[in-house]
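So the chains spell out like this:
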Amino acid sequence: MNPREFANIAQAEKDLWWYRGMRRILFRMLEPFVAGRTVGRALEAGCGTGYLSHLMQQELHWPVVPLDISGEGLRYAREMGTENPVQGDISRLPFADRSFDLVISMDVLVHVPRGEEHLAARELARVLARGGLIVLRVAALDVLRSRHSKFIAERQRFTRRRLMRLVAGTGVRVLRCTYVNSLLLPVALAKFRVWEPLLRRPPASGVEPSTPWLDSLLYAPLALEAAWVGSGRNLPVGQSLLLIGEKIL
């Protein structure tokens, strides 16, 4: 990822509507799968600034190992007080086989060069214990590529079928896979396919603060989606994909 984006993320990820909403969707969808499970050790592969790992350590009391390839991201993680950060590449994880009960990777596979995503997926599955859970989020649909996508050095996007096929080839059984961030899709299409091409501005970060009223307005659709997916229902199309799988081999 573009190293310049870490500062933007660090300033925004606690309160900005997108981060709050996507975390709410993540935890609502994950809740029934972790209920009754003991998470002895978890890995966040590609932790960025470490904020999600910090939340899981402090609020869920999970022993999470935050890993990122970027020393810049890990610097923010250490300053935040995130415990046990590790620098490493998700395509060559520095851990033994079956080391974790839970592996989470949020918006990381999109930064892997197309054609090499299988290496990263196999590594994530390799360090997952049999019966353990893998949780992946990726950007969806090439038509939604934007100035922000180019700025952060996004290399690929996924469809539901391609993501499920990728994971199934690693000895993981898909338990749930759905598109999310769906209700704002018309707005995204208008912005990315009409407005941005008209303006022809150079790549730039899309992570920027909103006025309180706009932040609340944009957060509301994600909160609705969290309730929808939390009830066990999927969404047919959206800007992101969220997958939960179980290691069976």
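Figured I'd write up the structure that's included with this text. Here the residue numbering is sequential within each chain, running from 1 through the sequence in written order. Per-residue local features are limited, in this predicted model, to residues with pLDDT of at least 70; the limit for side-chain atom pairs, both in listing and counting, is 80 or more; totals at the level of whole chains, interfaces and linings are taken over all residues. Hydrogens and water molecules were not included; the side-chain quantities draw on all heavy atoms of the structure.

## Quick word on the pairing of strand S7 (residues 240–247)
Between buried and exposed lies partly exposed: a residue is buried under 20% and exposed over 50% of the maximum accessible area for its type, with that area taken using a 1.4 Å probe on protein chains only. In this text, helices come from DSSP runs of H or I with a minimum length of four residues, and strands from runs of E with a minimum of two, each type numbered from the N-terminal end. Most of S7 is tucked away, with eight of its eight residues classed as buried. Across the two faces of S7 the burial is the same, with Ser240, Leu242, Ile244 and Glu246 and Leu241, Leu243, Gly245 and Lys247 all buried. One bridge is not enough; two strands pair if DSSP finds at least two bridges between them. The pairing of strand S6 (residues 172–180) with S7 spans eight bridges and is antiparallel. Bridge assignment links arginine 173 to a residue of S7, and that residue is glutamate 246.

## Regarding the layout of surface pockets
Using a 1 Å grid laid over the protein atoms alone, points where a 1.4 Å probe fits but cannot get out form a cavity; open sets with protein on both sides within 12 Å along at least 5 of 7 lines form a pocket; any residue with an atom within 4 Å of a point counts as lining. Grid points are joined across faces, edges and corners, and a volume is the space filled by probe spheres set on the points. Each pocket or cavity is described by its volume, and for the second largest pocket that value is around 160 Å³. As for the second largest pocket, its lining consists of Asn8, Gln11, Ala12, Asp15, Leu16, Val207, Glu208, Pro209, Ser210 and Asp215. The element best represented in the lining of the second largest pocket is helix H1 (residues 5–12), accounting for three residues. Taken together, the residues of the lining of the second largest pocket sort by class into four nonpolar, three polar and three charged. Here the term charged refers only to Asp, Glu, Lys and Arg, the term nonpolar to Ala, Val, Leu, Ile, Met, Phe, Trp, Tyr, Cys and Pro, and the term polar to all other amino acids, Gly among them.

## Regarding the packing of aromatic side chains
Stacked, tilted and edge-to-face are the three classes assigned to paired rings of Phe, Tyr and Trp, where Trp is represented by its six-membered ring and a pair needs centres within 6.5 Å; plane angles under 30 degrees give stacked, over 60 edge-to-face, the rest tilted. In the structure shown here, the tally under the stated rule is two aromatic pairs. Taking the centre distance of 5.1 Å and the plane angle of 85° together, the rings of tryptophan 18 and tyrosine 19 count as edge-to-face. Judged by relative accessible area, which is 15%, tyrosine 19 ranks as buried. Between phenylalanine 95 and phenylalanine 100, the aromatic rings sit 5.0 Å apart at their centres with planes inclined by 90°, giving edge-to-face as the arrangement. Summarising the burial analysis for this pair, phenylalanine 95 and phenylalanine 100 share the class buried. Any Lys NZ or Arg CZ found within 6 Å of a ring centre and within 35 degrees of that ring's normal is scored as a charge over the ring. The aromatic ring of tyrosine 219 is capped on one face by arginine 20, whose charged end is 4.3 Å from the ring centroid.

## Side note on the pairing of strand S5 (residues 128–139)
A large share of S5 lies buried, amounting to 10 of its 12 residues. Taken together, the six bridges between strand S4 (residues 100–106) and S5 define a ladder with parallel strand orientation. Residue pairing for S5: valine 103 is matched across the bridge by isoleucine 134. In the classification by handedness, the crossover that spans S4, the intervening helix H5 (residues 117–126) and the parallel S5 is right-handed. Orient the strands so they point away from the viewer; a crossover is then right-handed if the path from the first strand over the helix to the second runs clockwise.

## Some details on the nonpolar core
Inside soluble globular proteins, nonpolar side chains tend to come together where they are buried. What makes a nonpolar core is a set of buried Ala, Val, Leu, Ile, Met, Phe, Trp, Tyr and Cys residues whose side-chain atoms join them at distances within 4.5 Å. Counting 38 residues, the largest nonpolar core has Leu43, Ile90, Leu109 and Leu163 as the members making the most contacts within it. In terms of residue count, S5 provides more of this core than any other element does, five residues in total. Two residues form a contact once any of their heavy atoms are found within 4.5 Å. Beyond its immediate stretch of four places on either side in the chain, isoleucine 90 contacts Ala45, Gly46, Leu67, Val108, Leu109, Val112, Ala120 and Glu123. One finds Leu26, Val39, Leu184 and Val229 within the second-largest nonpolar core, a separate group that totals 34 residues.

## Structural notes on helix H9 (residues 212–230)
The span you would expect from a helix comes to 1.5 Å times its residue count less one. Look at H9: 26 Å from first C-alpha to last across 19 residues, which is about the 27 Å you get at 1.5 Å a residue. The largest bend along H9 measures about 25° and falls at alanine 220, with the proline proline 221 one to four residues further on. Within H9, burial applies to Asp215, Leu218, Tyr219, Pro221, Leu222, Ala223, Glu225, Ala226 and Val229. Tucked inside the fold, the buried residues of H9 contact helix H2 (17–34) and S6. A positive phi of about 95° marks glycine 232, the residue just after H9. The angle separating two fitted axes, one through the seven residues that finish at a residue and one through the seven that start at it, defines the bend at that residue.

## Side note on H5
Of the positions making up H5, those classed as buried are Glu117, Ala120, Ala121, Glu123, Leu124 and Ala125. Those residues of H5 that are buried are in contact with strand S1 (42–45), S4, S5, helix H7 (160–168), S6 and S7.

## Focus: the environment of leucine 74
One can find leucine 74 in helix H4 (residues 71–80). Counting along the chain gives 47 residues from leucine 74 to alanine 121, while the straight-line C-alpha distance between them is 22 Å. With near-sequence residues (within four places) excluded, leucine 74 lies in contact with Cys47, Gly48, Pro66, Asp68, Pro85, Val86 and Gln87.

## Regarding unusual backbone geometry
At alanine 153, a residue that is not glycine, the phi angle is positive and equals roughly 65°. Inspection of the secondary structure assignment puts alanine 153 in the loop between helix H6 (147–151) and H7. Backbone geometry places arginine 200, a non-glycine residue, at a positive phi of 55°. Structurally, arginine 200 can be placed in the loop between helix H8 (185–199) and H9.

Interpretation note: all reported values are geometric properties and have no functional meaning in isolation.
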